[in-house]
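# Structural description and commentary
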Amino acid sequence: MATTGIPTSLTQGSGTRGGIGESTLRPDGTLKVTGEFAYASDLWHEDMLWGHTLRSTVAHAEIRSIDTAEALATPGVHAVLTYEDLPAAVTHYGLEIKDTPVLAHGKVRHHGEPVALVAADHPETARRAAAKIRVDYADLPVVTDEASATAPGAPLIHEHRTDHYAGHVPHPNVLHRQPVIRGDAARAAERADVIITGDYVFGMQDQAFLGPESGLAVPAEDGGVDLYVATQWLHADLAQMAPVLGLPEEKVRMTLSGVGGAFGGREDISMQIHACLLALRTGRPVKIVYNRFESFFGHVHRHPARLHYEHGATRDGRLTHMKCRIVLDGGAYASSSPAVVGNAASLSAGPYAVEDVDIEALALYTNNPPCGAMRGFGAVQACFAYEAQMDKVAAALGMDPVEFRRINAMEQGTLLPTGQRVDSPAPVAELLRRVKARPLPPERQWLVAGEEADVRALPGGLSNTTHGEGVVRGVGYAVGIKNVGFSEGFDDYSTARVRLEVVGGVAVAVVHTAMAEVGQGGVTVHAQIARTELGVTQVTIVPADTRVGSAGSTSASRQTYVTGGAVKNSCEHVRERVLEIGRRKFGMYHPAWATAELLLEDGKVVTDGGEVLAALVDVLEDEAVEVEREWRHRPTEAFDLRTGQGNGHVQYSFAAHRAVVEVDTELGLVKVVELAVAQDVGKALNPLSVLGQIHGGSTQGLGVAVMEEIIVDPVTAKVRNPSFTDYLIPTILDTPTMPVDILELADDHAPYGLRGVGEAPTLSSTPAVLAAIRAATGLELNRTPVRPEHLTGT
């Protein structure tokens, strides 16, 4: 038997209410904290083989030949596959553009691209056999930036583009371009008393999830395959996999296994197709688990960016216009770059009211590692730049930076650069007011009794680099805007199957969706929704798989909104069916049922005294009610490819940060002392989970501010630091105190009035930290992450 890594049921509640608005605990929380939770990397089958991927050692080259003879002859090896061994005519896949080969054919386009696969009876045997495969490469010119990508005669990354975007870009190496034009920015600039320009560089960030890419493919008797995998989007994986495997979708069955974080990095295919190919070829279960080095090559990263901004303002602090150009490096394959471009362009003005804009955002094909989804999805890079601009314009006007932002803050009813009107609360000014009003942490708090320095609280920590000499404090502010859900006309829906039955004399709800639980807490929220809508205390969450309709991706802060909406919708249909059964059995005068019907119809389901539960047991007895329904939010529309106008987003979320930092100006070391947050969440369905999302997003933003960056050699396009030894992420010792203000201003268009939470804090935390470092040092600092040499000039 294969182990999925998730219990067959996650039963929540044992007589407690646990409904919407309560901080119910995660059913998997204790297991994860104690190390007992089964992740995808723990999957096991008694007769399984181990798969390994041979990856390219160069970034751009012609493949002259591949010799697998020595690898095949290795004892314990059961299969070696190259492009020539693929079973179907379809050999490429992709989220938006099918431009990614399952295995490289003819050429490789980036460092670490998959070239061949090995299946063996031991992981070390597979690795050693893969090292014996001989690939003859002929180097090709490397494209690494806009200049080399668009120069006359530049090598084409994809020679024969047939995608939808190809006819709308100025050069074949431009993957997608989105302008946003409204008003007349050039004429509006004539009204400006100050005009500030700035050039900004945003480094390549990794999602840095701790659970590596992993899964187990098990061949089935019907010629199909069962895949247990850590992913973000089961049905998108399925749609890409089945054509390549040469199988109908019903013969590719997928079950979510334990996921150790995602943040966008599991939205694309990694090992899924490879494991299935090997399993189908060998007739044996095949497990693939990436090591940390391979993981850095096995998933997309956040797009590095170069941004040029111009803002104008009048003496009284009113923005007159904004111009910007955002160039995102998409790397060798498209992934979700077109959607990232749309986000970057449409949100590039930030949460500010400005009528005249001239915006251009584009993504490039290069030979750098592929980039795609990561928490914040295009809005992070823009926020870093426009918030630096806000500080610079305020300084030029001699204004307080928070007051300048408040004057220009958007509010409900504001018209965005895309022409879309904000039709729900947009408390930008209030969020800023709250973070500024919070008391500052004490100065020189690293001093202890006797005026001695506790080095743990100083920049450099236990490295004992300073006892306070040369340490200065800075305070910085930032606020951001992020869309929620899929945009630009994408059919964003989710499916939920809800069953209500009596088990052992107790009414139990069973909720089944394909939502990938990647740490966001959906398994908790779905149970809370079922309790609230149906009046039960016992809820079982069925493991996510493809036996139920799609839930979409666990990304874009959408799962609580869309899949939560689907669960709520299906529960409402279950409730209606139960009411019909109750009326048929008892009429309107049965005392217990009359109580239940009144409470249910008024939407005030309670379990006090057990009236509703007793009524449900009486009504259902030995029958069950099951409903599966799709649910959609209101539609969006594509942005015009010439003007960028259109109602492209369904909802917006807002967060503001105040960062307090201390900087060792002699060594260039930074200590973030406090990172205060204020965020509007519409409705906190689970306040504890909301707090965790805000803390987590803020920490990732802190990481890219001061330490996180994948270094790609500008000449060879090779990754220099594919390990947690050299790619640094914040630990608990780097994470400051994070006081949080949570606002609940309901969005009337959303279930329970909720607003997506997870991404917004990732936006404004980065520029707030940078603003604080600028305030401490007086340096301009237009690049992230900030390195010691940027602060010391050495």
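Residues numbered from 1 in each chain as written. Predicted model: local features only at pLDDT ≥ 70, side-chain atom pairs only at ≥ 80, totals over all residues. Heavy atoms only, no water.

So, on to the overall build of the protein chain. On a plain count of helices and strands, the protein chain comes out with 19 helices and 29 strands. For the protein chain, the C-alpha radius of gyration of 27 Å lies close to 28 Å, the compact-globule estimate for 794 residues. Counting over 794 residues, the protein chain shows a buried share of 62%. If you take every contact in the protein chain between residues at least 6 apart in sequence, the share linking residues at least 24 apart comes to 80%. Of the side chains in the protein chain, 68 bear a positive and 97 a negative charge, and the two mean positions are spaced by 1 Å. (Helix = DSSP H or I, 4+ residues; strand = E, 2+ residues; numbered from the N terminus. Rg over C-alpha atoms; globule rule 2.2 N^0.38 Å. Buried < 20%, exposed > 50% of the residue type's maximum accessible area, 1.4 Å probe, protein only. Contact = heavy atoms within 4.5 Å. Lys, Arg positive; Asp, Glu negative; His and termini not counted. Charge placed at Lys NZ, Arg CZ, Asp CG, Glu CD.)

To continue, consider the sheet that holds strand 7 (residues 107–108). Strand pairing in a sheet takes place through backbone hydrogen bonds and is either antiparallel or parallel in direction. Strand order in the open sheet formed by 3 strands is 7-3-9, and the pairing between neighbours is antiparallel. Strands with a single pairing partner mark the edges of an open sheet, and in this sheet they are strand 7 and strand 9 (134–139). (Pairing = 2+ DSSP bridges.)

Further remarks concern the packing of aromatic side chains. Enumeration over the complete set of coordinates arrives at 12 aromatic pairs. Here F486 and F490 contribute two aromatic rings whose centre-to-centre distance is 5.0 Å and whose plane-to-plane angle is 75°, an arrangement assigned as edge-to-face. Judged by relative accessible area, which is 41%, F490 ranks as partly exposed. Here a set of aromatic residues connected by ring pairs shows up, and it is made of Y200, F202 and F384. The ring of F209 carries R266 above its face, with NZ or CZ at 4.1 Å from the centroid. (Phe/Tyr/Trp six-rings, centres within 6.5 Å; stacked < 30°, edge-to-face > 60°. Lys NZ or Arg CZ within 6 Å of the ring centre and 35° of its normal.)

Here the focus is the sheet that holds strand 27 (residues 669–680). If you walk across this open sheet you meet the 4 strands as 21-26-27-28, and the pairing is mixed. Here the strands that pair on one side only, and so sit at the sheet edges, are strand 21 (471–484) and strand 28 (740–743). Strand-to-strand twist of the sheet, defined as the mean angle between neighbouring strand axes without regard to direction, takes the value 20°. In this structure, strand 27 lies alongside strand 28, joined through 4 bridges in parallel fashion. Note on strand 28: the bridge partner recorded for Q679 is I742. Helix 17 (residues 687–706) contacts strand 26 (651–664), strand 27 and strand 28 of the sheet and is inclined by roughly 140° relative to strand 27. (Axes fitted to C-alpha atoms, helices over the stretch in contact; angles between N-to-C directions.)

Moving on: the pattern of salt bridges. Enumeration according to the criterion identifies 46 salt bridges in this entry. Of the charged contacts, one joins E124 and R127 as a salt bridge, the two residues approaching to 2.5 Å between their closest N and O atoms. Here R127 and E124 lie together in helix 3 (residues 123–131), a separation of 3 residues that amounts to about one turn. E124 sits in the partly exposed class, given a relative accessible area of 28%. Across the pair E146 and R325 runs a salt bridge whose closest N-O atoms are separated by 2.6 Å. Taken together, the residues span a long stretch of sequence, with E146 in helix 4 (residues 146–150) and R325 in strand 17 (residues 319–329) at a distance of 179 residues. Since its relative accessible area comes to 27%, E146 is described here as partly exposed. Salt bridges sharing partners connect three or more residues here, namely R26, D28, K32 and E517. (Salt bridge = Lys/Arg side-chain N within 4 Å of Asp/Glu carboxyl O.)

The subject of this paragraph is the environment of M515. Inspection of the secondary structure assignment puts M515 in the loop between strand 23 (506–512) and helix 13 (522–534). Sequence-wise, M515 and G211 are 304 residues apart; in three dimensions their C-alpha atoms are separated by 18 Å. Apart from the residues lying within four places of it in its own chain, the contact partners of M515 are L256, Q520, G522, V523, H526, A544, A551, T554, Q559 and T563.

Before going further, it helps to examine the packing of helix 6 (residues 234–245) against helix 7 (residues 272–282). Contact geometry for helix 6 and helix 7: axes closest at 10 Å, N-to-C directions at 35°. The crossing of helix 6 and helix 7 is right-handed. Residues D237, Q240, M241, V244 and L245 of helix 6 lie in contact with helix 7, whose contacting residues are Q272, I273, C276, L277 and L280. (Left-handed = near helix turned anticlockwise from the far one by under 90°.)

This part takes up the environment of P425. As for its placement among the helices and strands, P425 is situated in the loop between helix 11 (401–408) and helix 12 (428–437). If we skip the residues at most four places from it in the chain, P425 touches Q412, F654, D680, L745, A746 and R755.

All right, on to the layout of surface pockets then. Size it by volume and the second largest pocket reaches roughly 740 Å³. Within the residue set of the lining of the second largest pocket, elements represented by two or more residues are strand 27, helix 17 and helix 19 (788–792). Of the residues forming the lining of the second largest pocket, the biggest block, 4 residues, is contributed by strand 27. Taken together, the residues of the lining of the second largest pocket sort by class into 17 nonpolar, 6 polar and 6 charged. (1 Å grid on protein atoms, 1.4 Å probe; cavity = no way out; pocket = protein on both sides within 12 Å on 5 of 7 lines; lining within 4 Å. Points joined across faces, edges and corners; volume = space filled by probe spheres on them. Nonpolar A, V, L, I, M, F, W, Y, C, P; charged D, E, K, R; others polar.)

Let us now look at the side chain of R558. Of note, R558 is situated in the loop between strand 24 (538–542) and helix 14 (559–586). A distance of 2.8 Å separates a polar atom in the side chain of R558 from the backbone oxygen of A551. Apart from residues no more than four positions distant in its own chain, R558 is found in contact with G485, F486, D492, Y493, A551, G552, S553 and T563. (Polar contact = N/O pair within 3.5 Å; in protein donor to acceptor, adjacent residues only side chain to side chain.)

A residue-level look at the protein chain finds 95% of positions with pLDDT of 70 or above and a mean pLDDT of 93. Predicted confidence is poor over residues 1–16, with pLDDT under 50, and the contacts of this stretch with residues over four places away or in other chains come to 54 contacts. The low-confidence segment residues 601–609, where pLDDT is below 50, has 18 contacts with residues more than four positions distant or belonging to other chains. (pLDDT = per-residue confidence, 0-100.)

Here strand 4 (residues 77–81) lies mainly inside the structure; 4 of its 5 residues are buried. Where strand 4 and strand 8 (residues 114–120) come together, 4 bridges link them in antiparallel fashion. What sits directly across from V80, in strand 8, is V118.

Turning next to helix 9 (residues 337–346). Across the 10 residues of helix 9, 9 count as buried, placing the element largely inside the fold. Among the residues of helix 9, those classed as buried are S337, P338, V340, V341, G342, N343, A344, A345 and S346. In the core, the buried residues of helix 9 are packed alongside strand 10 (174–182), strand 17, strand 18 (357–364), helix 10 (379–397) and strand 21.

Relative to the helices and strands, H303 is located in the loop between helix 8 (292–298) and strand 16 (305–313). On the accessibility criterion, H303 (1% relative accessible area) is buried. Looking at H303, its side chain comes within polar contact range of the main-chain oxygen of G372, at 3.5 Å. In contact with H303, other than residues within four places in its own chain, are F202, G203, L328, D329, G330, S337, V340, C371, G372 and Q381.

With that settled, consider the packing of helix 13 against helix 14. Relative to each other, helix 13 and helix 14 sit at 30°, their axes nearing to 9 Å. What the angle tells us is that helix 13 and helix 14 run roughly parallel. In the crossing of helix 13 with helix 14, the sense of the turn from one axis to the other is right-handed. Facing helix 13, whose interface residues are V525, H526, I529, A530, E533 and L534, helix 14 presents T560, T563, G564, V567, K568, C571, E572, V574 and R575. (Parallel < 35°, antiparallel > 145°, perpendicular 65-115°, else oblique.)

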